[in-house]
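Read off the chains here:
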Amino acid sequence: MSYAITSRCAGVRDGACLDVCPIACIHDAGAQFVIHPDECIDCGACAVACPAQAIVEGHEAPGALAYARAALHLTP
Ligand code: SF4
Ligand code: SF4
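Since the structure is predicted, the reported quantities are computational estimates derived from the model, not experimental observations.

Draft legend 1. Structural context of the site of ligand 1. Near ligand 1, the surroundings consist of 14 residues, among which Tyr 3, Cys 21, Cys 40, Cys 43 and Cys 46 are the closest. The class makeup of the residues in the shell around ligand 1 is twelve nonpolar, one polar and one charged.

What follows is the structure, encoded as structure tokens:
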């Protein structure tokens, strides 16, 4: 499982999560940022840093996981 960014990121997009991710698996997908679900190591640092509480564990937001896979052109 991985962490996932919900639509609460849109409109904030401050990049705070990028600064703390140890493996640089967060990407700008235009409307919002997304986490590469196959690379995320589940450290949770981004969730703590996000001022919008937009980052949750993936199992809590299957739609956000699917959005990330589509945005990164990954197989569903
Ligand atoms: S949980 Fe850790 S590895 Fe995964 S996206 Fe957030 S900071 Fe990066
Ligand atoms: S820290 Fe939160 S609001 Fe800021 S870019 Fe990352 S997910 Fe979006």
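Draft legend 2. Inspection of the site of ligand 2 at higher detail. In the vicinity of ligand 2 there are 14 residues, among which Cys 9, Val 12, Ala 16, Cys 17 and Cys 50 approach most closely. Here the residues of the shell around ligand 2 sort into eleven nonpolar, one polar and two charged.

Draft legend 3. Highlighting the nonpolar core. In this structure, Ala 4, Ile 5, Ile 35 and Ile 55 are the most contacted members of the largest nonpolar core, which totals 17 residues. Counting residues per element, the ones that place at least two in this core are β1 (3-5), β3 (33-35) and α3 (62-71). Apart from residues no more than four positions distant in its own chain, Ala 4 is found in contact with Ile 35, Val 56, Gly 58, Ala 61, Ala 64, Leu 65 and Ala 68.

About the cut-offs
Residues numbered from 1 in each chain as written. Chains lettered and ligands numbered in written order. Predicted model: local features only at pLDDT ≥ 70, side-chain atom pairs only at ≥ 80, totals over all residues. Near = placed C-beta within 6 Å. Nonpolar A, V, L, I, M, F, W, Y, C, P; charged D, E, K, R; others polar. Core = buried A, V, L, I, M, F, W, Y, C linked by C-beta atoms within 7 Å. Buried ≥ 20, exposed ≤ 12 C-beta atoms within 10 Å, placed from the backbone. Helix = DSSP H or I, 4+ residues; strand = E, 2+ residues; numbered from the N terminus. Contact = placed C-beta atoms within 7 Å.

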